[in-house]
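As a plain string of letters, each chain reads:
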Amino acid sequence: METNTNETAATATAALLDSPAAQAAFTTTRTAVKVYGTLTTAAFLAVVAVASTGHMVNPFMWTRAVLLPFIAVLLHRLALSTAGGSRRAYDRLRTITVVFPVAVIGVDLIPGVCPWWYAAMQTLCVLPALRIALTTRDAALRTAFPKPKSR
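The rules we used
- Residues numbered from 1 in each chain as written.
- Predicted model: local features only at pLDDT ≥ 70, side-chain atom pairs only at ≥ 80, totals over all residues.
- Heavy atoms only, no water.
- Salt bridge = Lys/Arg side-chain N within 4 Å of Asp/Glu carboxyl O.
- Helix = DSSP H or I, 4+ residues; strand = E, 2+ residues; numbered from the N terminus.
- Buried < 20%, exposed > 50% of the residue type's maximum accessible area, 1.4 Å probe, protein only.

A few words on the pattern of salt bridges. What the rule picks out here adds up to two salt bridges. Arginine 64 is the salt-bridge partner of aspartate 108, the closest N and O atoms lying 3.0 Å from each other. Of this pair, aspartate 108 sits in helix α4 (residues 87-108) while arginine 64 sits in helix α3 (residues 59-83), and the two are 44 residues apart along the sequence. Per residue, the accessibility class of aspartate 108 equals that of arginine 64, and both read buried. Measuring nitrogen to oxygen at the nearest pair gives 3.3 Å for the salt bridge that ties arginine 87 to aspartate 91. One end of the pair, arginine 87, and the other, aspartate 91, are both in helix α4, four residues apart, so they sit about a helical turn from each other. Given a relative accessible area of 22%, arginine 87 falls into the partly exposed group.

Next up, the structure:
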């Protein structure tokens, strides 16, 4: 009997993942990941352009400019796994998309770390991650990924 209950719960979750609201949330998330990837790639190209014109680009800016586009790959993989029903990926996506933008903006606000234009560009880049954070906290996905019951 227990197996049947578990199968019913799994089927209910699958049905919730296929709901129009959940599918809309997954589409929004995929779009936000693409926008994030595009913006961070543009930021990288801006750093390359600034450096190639002889202006100062510090190692922090280079490191951040190179690493942030790779975060898009991580977000993409987590978004795909979440859409496939992975509770673990859903939890990670929710956490990363809240902590990551706050950390990026917080570090950029430290005086002398980077020029204002770079901090503004990085802030723009993380806005899609905040959109993902809001989307993953919407009722459609919270319903599709209920918290596990503790024993």
